Amino acid sequence: MMQMKSNTFDLLTSSPGTRGNERGEGPSANARTLTLALCRSTARGNRKWIAPGFILAVISTLALGMRNPSAFAAPPATTQPAVHTSRPIPWSMRPIEIHDPPHVDQAGWSANPIDAFILAKLQEQGLSPSAPASKSELLRRVTFDLTGLPPTPEEMEAFLEDQSPAAYEKIVDRLLASPRYGERWGRHWLDVVRYGESQGYEQNHLRPTAWHYRDYVIRAFNEDKPYDRFITEQLAGDLVGKGDPLVEPATGYLVAGVHDTVGIANVEGSRQQRANDLDDIVSTTGAAFLGLTVGCARCHDHKFDPIPQRDYYRLSAVFAGVRYQERPLPVARSADQIRELAVIDSLIKETHGALQALDAEAKKTPADATAQAAAHPARPPVNAQQNTEDFQPVQARFVRFTVLSTIDGANPCIDELEIYPPGGGENLALASTGAKATASSLLPGYSIHQVSHLNDGRYGNAASWISNEPGKGWAQIELSKPAQIGRVVWSRDRSSPVRYRDRAPLTYRVDVSMDGVAWRTVSSDEGRLTPVGVSAEPSRDLSTADRRERKAIAGKLAELERRRAAVLAPAAYIGQFTAPDPIHLLKRGDVMQPLEEVQPGALSQVPGMTPELSTESSESSAGAMDEPHRRLGLARWLCRNDNPLTARVMVNRIWQHHFGRGIVATPSDFGANGMLPSHRELLDYLAADFIKNGWRIKRMHRMMVLSSAYRQASRTNPQGLAKDAGDIYLWHMPLRRLESEAVRDSILAVSGKLDPAMGGPGYQLFKYHVVNIGIYEPLEEQGPQTYRRAIYQQLARSIHDELLGSFDEPECAMREPRRETTTTPLQALTLLNSSFVTEQAEFLAQRVQRDTDGDEGTQVDRVYWLALGRAPGSDERLAAIRLVKMHGMRLLCRAMFNADEFLNY
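Just so you know, these numbers come straight off a predicted model, no measurement behind them.

## Let's talk about the overall build of the protein
When helices and strands are counted, the protein shows 29 helices and 16 strands. By the burial criterion, 54% of the 905 residues in the protein qualify as buried. Here the contacts in the protein between residues at least 6 apart in sequence split such that 73% fall between residues at least 24 apart. Of the roughly 38,400 Å² of accessible surface on the protein, a fraction of 54% belongs to carbon and sulfur atoms.

In structure tokens, the structure reads:
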């Protein structure tokens with residue numbers, strides 16, 4: 001064993017493995033050799049048996065030390081954390097160090113401070129920078145990087161002719177000001193935060209209103225919203241942007257991930273689902289903003305980073321009031337919307353009249369009743385999703401909703417009772433405002449059905465109340481104090497789309513009281529039309545044809561009511577916020593083994609920072625903070641100027657998308673298991689500059705793309721390949737392939753079919769219907785409604801279009817901070833044969849023929865300029881002309897879409 005220990009030491013300290021890991025290429029082969037040696041030793045029957053778990057722990061730790069030696073260095077005495085931890089402090093959690101750009105030879109090569117850092121490292125490695133890229137290569141590169149689209153021939157021609165020193169700077173400023181910039185960089189951010197427009201899991205229902213968050217992200221990048229404000233709005237936009245329809249959708253970040261919609265009736269299952277939801281939010285927040293794998297502390301202290309398990313549950317407590325649901329979106333109605341409301345109201349009145357006229361023909365509908373109905377237009381039928389009771393304003397403290405019968409005779413179910421003052425305003429019934437819910441009875445044995453769900457602000461069957469009496473029961477809200485009220489809103493299942501329509505109340509009344517003794521009825525089901533599918537008195541004496549007509553008219557009326565509700569108060573899948581659940585430390589992460597309660601907070605081991613949260617408007621202890629101020633407090637903690645992680649992580653993300661690889665190659669893991677930065681001083685310089693200049697993202701873009709490092713050619717040379725084949729030190733610009741969305745967008749742009757419309761509901765690249773679960777089928781053909789940019793497609797989880805999927809479109813159920821680039825036969829086959837590409841090739845051929853005089857040579861030139869941004873070489877031109885004469889222009893256009901030069905930049 002002593003001899004083996006000596007060999008072990010030699011293996012761990014040998015230089016080849018160390019050299020490899022200094023470049024951040026992962027564990028050395030020597031660590032793997034050590035693992036085999038130890039395992040063989042135990043297998044040979046050595047009586048001093050070594051447990052496999054112990055072997056794994058030793059090897060992981062030693063390999064980590066080789067991979068990232070500085071991770072285990074003791075932090076300076078001045079930066080010791082306030083709370084003791086057994087984990088070393090990694091470089092990323094230490095304060096940002098201010099570095100001046102180094103003095104270097106060839107200083108004339110440096111266009112800005114970035115180049116000084118790059119050049120110093122190149123000279124240290126015995127490397128030299130490459131020659132500048134050609135103007136056409138540079139324009140193509142920066143246009144793709146900033147907008148995700150190719151430059152037009154006209155833009156290329158203008159840039160080539162502009163010989164002024166500021167020509168390139170003008171291009172950069174124009175691209176940063178383009179609305180296409182937000183679409184490009186919004187897509188990068190949506191990858192980081194696992195944005196999707198379906199629920200995931202086995203049911204995978206669509207979220208039709210999730211697009212509001214996508215539009216917020218695009219808008220934020222185009223407006224150059226400061227990054228600290230961007231973070232704050234995503235965590236607490238409902239508070240800092242309250243009532244602003246352009247800001248409140250930011251909280252869609254919190255609920256952008258997967259959510260299990262299959263209700264589990266037992267306690268353990270429902271607790272586990274809730275814990276999974278919170279884990280998704282906590283893990284994404286740690287990875288997206290801090291670059292740390294916080295989720296690894298769910299069951300125990302983090303194995304490698306200084307993140308105690310308690311910190312994980314502190315963060316869970318911050319988000320303990322967040323629910324995966326829609327909520328009404330505040331709107332400032334435009335003149336067009338006001339006109340639309342008038343048209344809808346007119347149609348509703350007309351449809352009501354048609355129903356009344358039809359019912360007047362029934363034998364049991366007397367003429368005087370018909371006249372009375374005309375004087376008092378009918379109300380829409382009750383529905384599962386939402387029903388409104390408007391009445392004369394009244395002072396009350398108690399509101400009781402009494403169910404007299406249900407649609408199907410089953411025990412009535414209500415997911416939420418809401419009470420509003422006259423003219424609108426805040427919901428007075430919420431438990432978070434001090435209101436209390438009671439009920440006549442409760443169906444026992446179901447954790448998802450509780451009296452407290454009547455006013456917890458959560459919608460859907462999984463958070464509802466069910467009476468224990470068939471067809472009847474009452475639910476009551478006691479307000480915190482008497483108030484003037486004029487509206488009650490109730491629902492059976494206000495999820496979108498509606499999943500449950502059974503148990504909905506059919507006949508009912510609404511009573512109010514000041515003392516809970518003397519009651520007054522203010523509303524009821526009187527005057528409501530009979531729901532479609534429910535037997536109604538007038539329709540019994542109608543003919544079969546008339547009954548079918550009545551059903552069709554009633555369906556039209558229900559649709560009009562839905563349209564009216566959407567204009568008045570559209571819903572958005574941006575989260576609901578309720579009174580926070582108590583959060584406990586869980587033994588081994590087991591939801592059935594809660595320990596002591598944990599108060600909201602942040603990470604405790606960041607040197608110089610405390611985990612306590614505070615906001616400008618709330619300096620009370622975290623436990624006393626109301627729900628939105630918990631999230632705002634975390635946002636303030638993340639955006640502190642002395643937080644060493646937030647700025648480092650974001651400038652690294654920007655760098656990655658400009659240079660193909662981050663300064664830290666693991667963009668969402670700056671911990672001990674992540675890669676070391678290739679240019680530590682440069683990263684800190686950029687982070688400090690980012691904070692100093694107001695967290696402005698566009699300024700950071702400008703600095704990077706104006707650097708000489710960025711403007712290098714992508715050609716390689718033997719010396720550089722021998723010393724730095726991975727281009728870690730940027731001796732040339734790496735050649736990169738377009739991402740899947742940019743491939744599709746570029747094909748549409750070149751063919752002339754790209755629809756520039758921005759925002760709003762996305763288009764579907766599938767056919768969708770529901771049979772308990774969401775069913776997705778590919779489209780036979782993609783029409784003009786799908787010709788918008790790919791960021792506007794309705795992004796369903798686990799569903800990929802053949803073109804986007806083959807070019808590595810990520811699975812949006814997972815965070816994707818760095819896309820992988822693969823090369824497969826399927827990519828070539830899709831570009832050559834898919835109906836979308838062949839159709840776009842035909843459109844490109846038609847465009848070229850419209851743009852030119854009919855001469856094949858002129859048409860070939862135009863195709864090259866449109867697709868590749870250059871003129872064809874003489875040999876290329878001759879070959880292309882022969883191809884066109886033999887097989888037509890469409891075949892040449894298909895070839896252009898398949899060219900490496902089209903796909904790479």
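## A look at unusual backbone geometry
Non-glycine residue arginine 503 carries a positive phi angle of around 65 degrees. In this structure, arginine 503 sits in the loop between strand S8 (473–491) and strand S9 (505–513).

## A few points about the pairing of S9
Of the pairings in the sheet, the one linking strand S3 (residues 387–406) to S9 comprises eight bridges and is antiparallel in character. When the sheet's bridge partners are listed, phenylalanine 398 is paired in S9 with serine 513. Where S9 and strand S10 (residues 520–524) come together, four bridges link them in antiparallel fashion. The partner of valine 512 across the bridge, within S10, is arginine 520.

## Things to note about the nonpolar core
Of all hydrophobic cores here, the largest spans 125 residues; its most connected members are Trp189 and Leu686. Apart from the residues lying within four places of it in its own chain, the contact partners of leucine 686 are Ile114, Val651, Trp655, Ile663, Met700, Met703 and Met704. Counting residues in each nonpolar core, the second largest holds 36 residues, with Ala742, Leu831, Leu844 and Tyr864 among its members.

## Some remarks on the side chain of histidine 212
Mapped onto the elements of the fold, histidine 212 is located in helix H10 (residues 211–222). Contact partners of histidine 212, with chain neighbours within four places excluded, come to Pro249, Leu329, Ala571 and Ala572.

## Describing the packing of helix H5 (residues 113–124) against helix H19 (residues 680–692)
The interhelical angle for the contact between H5 and H19, taken along N-to-C directions, is 170 degrees, at an axis separation of 9 Å. Regarding the angle of H5 to H19, the classification is roughly antiparallel. For the pair H5 and H19, the contacting residues are Pro113, Ile114, Phe117 and Ile118 in the first and Glu681, Leu682, Tyr685 and Leu686 in the second. Its residues assigned to classes, the contact of H5 with H19 shows seven nonpolar, no polar and one charged.

About the criteria used
- Residues numbered from 1 in each chain as written.
- Predicted model: local features only at pLDDT ≥ 70, side-chain atom pairs only at ≥ 80, totals over all residues.
- Heavy atoms only, no water.
- Helix = DSSP H or I, 4+ residues; strand = E, 2+ residues; numbered from the N terminus.
- Buried < 20%, exposed > 50% of the residue type's maximum accessible area, 1.4 Å probe, protein only.
- Contact = heavy atoms within 4.5 Å.
- Areas by Shrake-Rupley, 256 points an atom, 1.4 Å probe, with all protein chains shown as cover.
- Pairing = 2+ DSSP bridges.
- Core = buried A, V, L, I, M, F, W, Y, C linked by side-chain atoms within 4.5 Å.
- Axes fitted to C-alpha atoms, helices over the stretch in contact; angles between N-to-C directions.
- Parallel < 35°, antiparallel > 145°, perpendicular 65-115°, else oblique.
- Nonpolar A, V, L, I, M, F, W, Y, C, P; charged D, E, K, R; others polar.

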